[in-house]
Amino acid sequence: MPNLSQTSPVTVPALVSAKGSEKIAMMTAYDAPSAALLDEAGMDVLLVGDSIEMAVYGQPNTLSATMDSMLRHARAVSGAARRALVVGDMPFLSYQADAKDAVVNAGRFLTEGGCAAVKVEGGRRVLASVEAILSADIPVMGHVGLTPQSFHKFGGFKVQGRQANAAREILEDAVALAQAGCFALVLECVPRSLASEITETVPVPTIGIGAGPSCDGQVLVFHDVMGWNRQFQPKFVRRYADLSTTIADAARHFARDVKDGSFPNEQESFSEAPTPALRRVY
Ligand code: KIV
């Protein structure tokens, strides 16, 4: 199999084969223009994450995500991605209550959302749904540790698996998901020693977020990486850009130019003489 970075489009088997030879780069994407940029930049996986509820819709947690909203964003992302594997994040209550519903909802991410796989939070407690989805030949990415849809049970967004018992439960969840046939596992906010043990134990790639450097890949939320959100800067995020400053500066300049009359100027307005056809007509 060629290197993952030379594989286009990225497939589920290519990702699995990357374990132990090449790290996997994954980022959330919620819309077409950013998905196209991330894809061109070499992201292996684009996750249409239910974190959209917090990052884009300003909600306090991810519980408000719905199938319809997630599918709409999934369609935008998969329509723009040329190389990256697009994974749809199954929203709260789309898979927990009933395995049959889980298959139908997972299938919608492929048929309507254009995704290649889905992600499901939780370990053995959602195994029946995971197995049902897999038996419909829909690839599943598992997610253990801090599973944000369990926000109320955890009492907030807290590191999981610091005590020996809790660590063992997470390890056993990860093993059960891998044995069921999940092609990769997200490990969120667990101690790096536990992430390392899981990574050595399971035969599929682990993708960490707040789980240290031993994982087979890393994922972060787009808005956190790009510095779009000034309020949220958790310890595990590395900020690679400062979009909030760029956007605020641009907005201030636009408002100033409008108020002092310097926008629009002659070149930015139409004369009576015929002009070449417009690319966009409002
Ligand atoms: O929704 C999301 O963005 C996620 C990542 C944090 C893995 O699940």
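Up top is the structure these notes are about.
Residues numbered from 1 in each chain as written. Predicted model: local features only at pLDDT ≥ 70, side-chain atom pairs only at ≥ 80, totals over all residues. Heavy atoms only, no water.

K.L.:
Can you lay out the overall build of the protein chain for me, pointing to particular residues and giving the numbers?
P.N.:
What the protein chain contains, in helices and strands, is 11 helices and eight strands. When the backbone C-alpha atoms are referred to their principal axes, the protein chain occupies close to 75 × 40 × 35 Å. Put simply, the protein chain has 282 residues, and 49% of those count as buried. Look at the contacts in the protein chain between residues 6 or more apart in sequence, and 56% of them connect residues 24 or more apart. Where the 25 positive side-chain charges of the protein chain centre and where its 30 negative ones centre are 4 Å apart. (Helix = DSSP H or I, 4+ residues; strand = E, 2+ residues; numbered from the N terminus. Buried < 20%, exposed > 50% of the residue type's maximum accessible area, 1.4 Å probe, protein only. Contact = heavy atoms within 4.5 Å. Lys, Arg positive; Asp, Glu negative; His and termini not counted. Charge placed at Lys NZ, Arg CZ, Asp CG, Glu CD.)

K.L.:
Describe in detail helix H8 (residues 164–180), supporting the description with residues and values.
P.N.:
Here H8 is 17 residues long and its end C-alpha atoms lie 24 Å apart, about the 24 Å a rise of 1.5 Å per residue gives. Every buried residue of H8 is accounted for by Ala167, Ile170, Leu171, Asp173, Ala174, Ala176, Leu177 and Ala178. Looking at the packing, one finds that the buried side of H8 touches helix H6 (127–135), strand E5 (140–145), strand E6 (184–188) and helix H9 (192–201). The first or second residue beyond H8 is Gly181, which carries a positive phi of 120°. (Expected span 1.5 Å × (residues − 1).)

K.L.:
Lay out the nonpolar core with the relevant residues and their values.
P.N.:
Counting 79 residues, the largest nonpolar core has Leu46, Phe109, Ile133 and Leu187 as the members making the most contacts within it. Looking at this core, the element that brings in the most residues is H8, giving seven residues. Once residues lying within four places of it in the same chain are set aside, the contact partners of Ile133 are Met90, Ala102, Val103, Ala106, Val118, Val120, Ile138 and Val140. (Core = buried A, V, L, I, M, F, W, Y, C linked by side-chain atoms within 4.5 Å.)

K.L.:
Which residues make up the sheet that holds strand E4 (residues 117–119), and what values do they have?
P.N.:
Strand pairs in the sheet, formed through backbone hydrogen bonds, run parallel or antiparallel to each other. Pairing is parallel around the closed barrel formed by eight strands, whose spatial order is E1-E2-E3-E4-E5-E6-E7-E8. On average, adjacent strands in this sheet sit at an angle of 25° to one another, irrespective of strand direction. In this sheet, strand E3 (residues 85–89) lies alongside strand E2 (residues 45–48) in parallel orientation, the contact comprising four bridges. Across the sheet, residue Leu46 finds its bridge partner in E3, namely Val86. (Pairing = 2+ DSSP bridges. Axes fitted to C-alpha atoms, helices over the stretch in contact; angles between N-to-C directions.)

K.L.:
Can you break down a nonpolar patch on the surface residue by residue, with the values?
P.N.:
Together, Phe254, Val258 and Phe263 give the surface a local cluster of nonpolar side chains, amounting to about 280 Å² of exposed area. Here Val258 shows up in helix H11 (residues 243–259). Note on Val258: relative accessible area 41%, which makes it partly exposed. (Patch = residues over 30% accessible without salt bridge, like charges linked within 9 Å, V, L, I, M, F, W, Y side chains within 5 Å. Areas by Shrake-Rupley, 256 points an atom, 1.4 Å probe, with all protein chains shown as cover. Salt bridge = Lys/Arg side-chain N within 4 Å of Asp/Glu carboxyl O.)

K.L.:
Tell me about the packing of aromatic side chains, residues and numbers included.
P.N.:
Enumeration over the complete set of coordinates arrives at three aromatic pairs. Ring plane angle 55° and centroid distance 6.4 Å describe the contact between Phe222 and Trp228, whose orientation is recorded as tilted. Among the residues examined, Phe222 registers a relative accessible area of 9% and is labelled buried. On the basis of relative accessibility, which here comes to 41%, the residue Trp228 falls in the partly exposed class. (Phe/Tyr/Trp six-rings, centres within 6.5 Å; stacked < 30°, edge-to-face > 60°.)

K.L.:
Could you give an account of the packing of helix H2 (residues 32–40) against helix H4 (residues 67–80), naming the residues involved and the relevant values?
P.N.:
Their axes nearest at 8 Å, the elements H2 and H4 cross at an angle of 40°. By the criterion of interaxial angle, the relationship of H2 to H4 is oblique. In this structure, the crossing between H2 and H4 has a hand that is right-handed. Of H4, the residues touching H2 (which contributes Ala32, Ala35 and Ala36) are Ala76, Val77 and Ala80. Residue classes in the contact of H2 with H4 are distributed as six nonpolar, no polar and no charged. (Parallel < 35°, antiparallel > 145°, perpendicular 65-115°, else oblique. Left-handed = near helix turned anticlockwise from the far one by under 90°. Nonpolar A, V, L, I, M, F, W, Y, C, P; charged D, E, K, R; others polar.)

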